[in-house]
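A structural walkthrough
The chain contents come next:
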Amino acid sequence: MASVRRRQERDGRSRWRPVAGLRSALSGRSVAGQVFVLQLVLVLLLVAASVVALVLQVRRDTTREARGLSLAVAETFAHAPGVVEALDSPDPTAVLQPRAEAAREQAGVDFVVVMNTDGVRYTHPKPDRIGKQFVGTIEPALAGEPVVEEIQGTIGELVQAVVPVEDDGVVVGLVSAGITTERVGGAADNQLPLVLGAAAVALALATGGAALLSRRLLRQTHGLGPHEMTRMYEHHDAVLHAVREGVVIVDGDGTLVLANDEAHRLLGLPEDGEGRHVLDIGLAPDTADLLSSGRVATDEVHLVGDRLLAVNQRPTDRSGGPPGSVATVRDSTELRALSGRVETAHERLNMLYEAGVGIGTSLDVVRTAEELTELAVPRFADFVTVDLFEPVPSGGHPDTAGALRRTAMAGIRGDAPLYPVNETIRFIGSSPQGRSLTTGRPVLEPRLGDAPGWRAQDLERSGQVVDYGIHSLITVPLRAGALVLGVVSFWRSEKPEPFDAEEQELAEELVARAAVSIDNARRYTREHSMAVTLQRSLLPRSLPEQTALEIAYRYLPAQAGVGGDWFDVLPLSGARVALVVGDVVGHGLHAAATMGRLRTAVHNFSALDLPPDELLALLDELVARIDQDEAQEEHSSPVTGATCLYAVYDPVSRHCTVARAGHPPPALVRPDGSVEFPDVPAGPPLGLGGLPFETAELELPEGSRLVLYTDGLVEDRAHDIDEGLELLREALSRAGDSPEDTCRVVLESRRPGRAGDDIALIVARTRALPADRIAEWPVPSDPAAVAEVRAAVTRKLTEWGLEELAFTTELILSELVTNALRYGGAPIQVRMLHDRHLICEVYDSSNTSPHLRYATMTDEGGRGLFLVSQLAERWGTRYLPAGKVIWTEQPLPRS
């Protein structure tokens, strides 16, 4: 064995150079050399046999081809036109000799001979042979049957065919065609170099393959001869069977290659285990995983049956060996007690790890408490209860003097006589829970039946708990810093042993990890509630009174948090109404606060009666300033974007002016039920600046429904905006006429189960102010026209039944028309609307705005607008592209 090992080491150092390895193989002393010589001899024999067989086959095929060719040429010539007539002519040779020679050269045969029935030749390639007797068999041909034969002819060995020439069934002559053996053999000889070349290539390839195979075998056998290999195998077999440690060899694919007798005994391997995967031979899962993984292991303890086995494993390919691993197994049953402790410690560490990753997956206080109970049952306790102070689940600060509420409970059975979930509990000071809450330390009650302080909490229920079989308890306070949020109780019933001090430490560790998550959820709940409260306070709580639109709306917050979607309805002068919907990108307090600022700004800008495009331009500047201000603060995040759509509807003209800044387009449902998305120019989102906004004028028939919404309705992770708009179209097409029904159908058909963004939806059905409630008069540029206007107004108010307002209305219009005649420009027009208020409007072409001021005692004028402001409930100025309108509103008298 020593000599063999030295030889292997020497061979390993030399790396088996190709030349040396091949020389050793050719020597024939090693197994590889003997295999190479044997393969080479076999290849030579096979190649020689193949060459001989190919040559014989070629010659046989060539002869068969010559027989067929000679027969075909003879028959063709015998049946050629004019042959019979030539045989009957006075000189057949003169006619047939040229034709025979031409046929011979064209067909590539050595001769074409025509003869009479006595065998005398009429034609021959050699003219001196004409007139002589034909050499060959002609009797079958005279009988009408062709004959093919190989003979020694006058021109040498040849293959010839003889066929009859018949005239009306009578043989009148014979035709013979033939090829010499020399030509047949020449064709075969021409193919011989190709055959020999192919044989040489095959011999070279086979020799190379044999050399490669022998070289591989030489490397695997390390150059050993048959006797050396036999001796090595005997030593190997003796060592494997004599050693008192199990030896297991596994290849790179996890297949069991070898296992000695001791390994079979210790691991309980089946007799047919070799050749099968280690995962399929009935091993314990951890042992099978170790053997199949091939990883390094040192004295790793595995429980197999009633034995503790120490396993050492190393890979076999570190020094150029084959892939796989070899493992030794020894019996270490005396380490069982230690293994039990290790397993217990491993289980506890695993539980603590799972607590770290499995508790606190959501920012919900109740769900976090439930995750703690689900983790601990039944791995640690049979029943677990979590009791929190009542303000904690809603995000409040714990009141240690108040009551607790059972927030979560889990157990191996559902009929335990413990306080149920949502039960309000006040623990007395002597109970384990009360002591934990007071001292902030865990309490262990190993035997509940002998704990008077616990039984005093509720004598009847305590007796039921003991009778049920619950016999041991650990209580741990839920502490987050200096705050005590509640108490967790671990109850044991199935395992007869009571809880011990080590289990108390584990319970304390579990609760400490859960307390952090519960406190985080509490803080999030508090902040979320504050954000929701702020957002709801910023949204409109009720819609203003107006008659131009019948409105229904919905606002649905996102599940992820408070967002920045908002909407509003703003009455304007002249019975008009403004609808606005917007969206601030993001969630949380920042988005809600920004939304409130934008909504307040829209309220202020709408009071100026600005067109939609000008109002959006002012909002754009505001958002840009907000971004700049917040970008200067180190710990604040700037607004990442906001969108808005602003629409103004006039019930007199039934026109709606719309402009949008990066917002989805509105939807319009016409009275006939058709749905369309009007082409409203899409301006940039608010805050970008630099680009103007454009408006679109829509004429809405009475009874049309204008639908405004935020992108949360038409866009989410599962649908893009185009698909969302199509779904919205389908929902609107089947909704009823009322705005309330439209809101319900749209949300039921579109809103996802857990919305990722807020949804704001407004549906406004248009109304038109009747023509009999509108009065208009042109005013000539003459001060005397004021009296005519007063008279016309009085008549119209009488017609409307508003005689009580005649005096004040005359005064208001007199002042406004007088100012328009004095300071304005033609044309001048007066309009009066009978709506929820009496609205008076005076139009002129001037853009000069009147200002209210206090007149002094010496001023002759300046009191007109002051008088108007005192008589009217509201008044103001609305600018138009070609002038202005001064308007007033007066409340209608109560009927």
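These numbers come from a predicted model, not from an experiment.

**Examining the overall build of the protein chain**
The helix and strand inventory of the protein chain stands at 23 helices and 31 strands. Taken over 895 residues, the protein chain has a buried fraction of 44%. When contacts within the protein chain are restricted to residue pairs at least 6 apart in sequence, those whose partners lie at least 24 apart make up 60%. Put simply, the protein chain shows about 44,600 Å² of open surface, and 54% of that area lies on carbon and sulfur atoms.

**Some points on the nonpolar core**
Grouped together as the largest cluster of nonpolar side chains are 51 residues, with contacts concentrated most on Leu-579, Leu-619 and Tyr-646. With seven residues, the single largest contributor to this core is strand S19 (residues 642-650). The contact partners of Leu-619, leaving out residues within four places of it in the chain, are Leu-598, Ala-601, Val-602, Phe-605, Cys-644 and Leu-686. With 43 residues, the next largest nonpolar core counts Val-384, Tyr-419, Ala-515 and Ala-521 among its residues.

**Notes on the sheet that holds strand S25 (residues 705-709)**
Each strand in a sheet pairs with its neighbour through backbone hydrogen bonds, running either in the same direction (parallel) or in the opposite one (antiparallel). Strands sit in the order S16-S26-S25-S21-S22 across an open sheet of five strands; the sheet is antiparallel. At either margin of the open sheet sits one strand with a lone partner, and together these are strand S16 (549-556) and strand S22 (675-676). Together, S16, S25 and strand S26 (759-766) form the strand contacts of helix H20 (residues 739-750), whose direction differs from that of S16 by roughly 30°.

**Comments concerning a negative patch on the surface**
A cluster of acidic residues, Glu-85, Asp-88, Asp-167 and Asp-168, forms a negative patch at the surface. Note that Asp-167 resides in strand S3 (residues 156-167). Owing to a relative accessible area of 33%, Asp-167 belongs among the partly exposed residues under this scheme.

**Points about the pattern of salt bridges**
For the coordinates displayed, the defined rule picks out 36 salt bridges. Salt-bridge contacts for Arg-330 lead to Asp-299; the nearest nitrogen and oxygen are separated by 2.7 Å. Residue Arg-330 is found in strand S9 (residues 324-331), and its partner Asp-299 is found in strand S7 (residues 297-304); the two are separated by 31 residues along the sequence. Across the pair Arg-492 and Glu-503 runs a salt bridge whose closest N-O atoms are separated by 2.9 Å. Taken together, the residues span a long stretch of sequence, with Arg-492 in strand S15 (residues 483-492) and Glu-503 in helix H16 (residues 501-538) at a distance of eleven residues. Arg-492 gets classed as buried once you look at its relative accessible area, which sits at 4%. Overlapping salt bridges bring together Arg-367, Glu-370, Glu-371 and Glu-374 as one network.

Thresholds applied
In this convention, every chain numbers its residues from 1, walking through the sequence in written order. For this predicted model, a pLDDT threshold of at least 70 governs which residues receive local features, and a threshold of 80 or more governs which side-chain atom pairs are given and counted, while totals over whole chains, interfaces and linings are taken from all residues. Hydrogen atoms and water are omitted, and side-chain values are computed over all heavy atoms in the structure. Elements are defined by DSSP. Helices are runs of H or I of four residues or more, strands are runs of E of two residues or more, and each kind is numbered from the N terminus. Each residue is placed in one exposure class: buried if its accessible area under a 1.4 Å probe, protein chains only, is under 20% of its type's maximum, exposed if it is over 50%, and partly exposed if it falls in between. Note on definitions: a residue-residue contact is assigned when non-hydrogen atoms from the two residues lie within 4.5 Å. Using a 1.4 Å probe, the Shrake-Rupley method yields the accessible areas, and only the shown protein chains count as cover for residues. Buried Ala, Val, Leu, Ile, Met, Phe, Trp, Tyr and Cys residues form a nonpolar core when they are joined through side-chain atoms within 4.5 Å. Should DSSP find at least two bridges between two strands, the strands are taken to pair. In this analysis an axis means a line fitted to C-alpha atoms, helices contributing only their contacting stretch, and an angle means the value between N-to-C directions, from 0 to 180 degrees. Candidates for patches are residues over 30% relative accessible area with no salt bridge; among them, like charges are joined within 9 Å and nonpolar side chains (Val, Leu, Ile, Met, Phe, Trp, Tyr) within 5 Å. Throughout this description, the term salt bridge denotes a Lys or Arg side-chain nitrogen within 4 Å of a carboxyl oxygen of Asp or Glu. In this count, Lys and Arg are taken as positive residues and Asp and Glu as negative ones, while His and the chain termini are left out. Charge coordinates come from a single atom per side chain, which is NZ of Lys, CZ of Arg, CG of Asp or CD of Glu.

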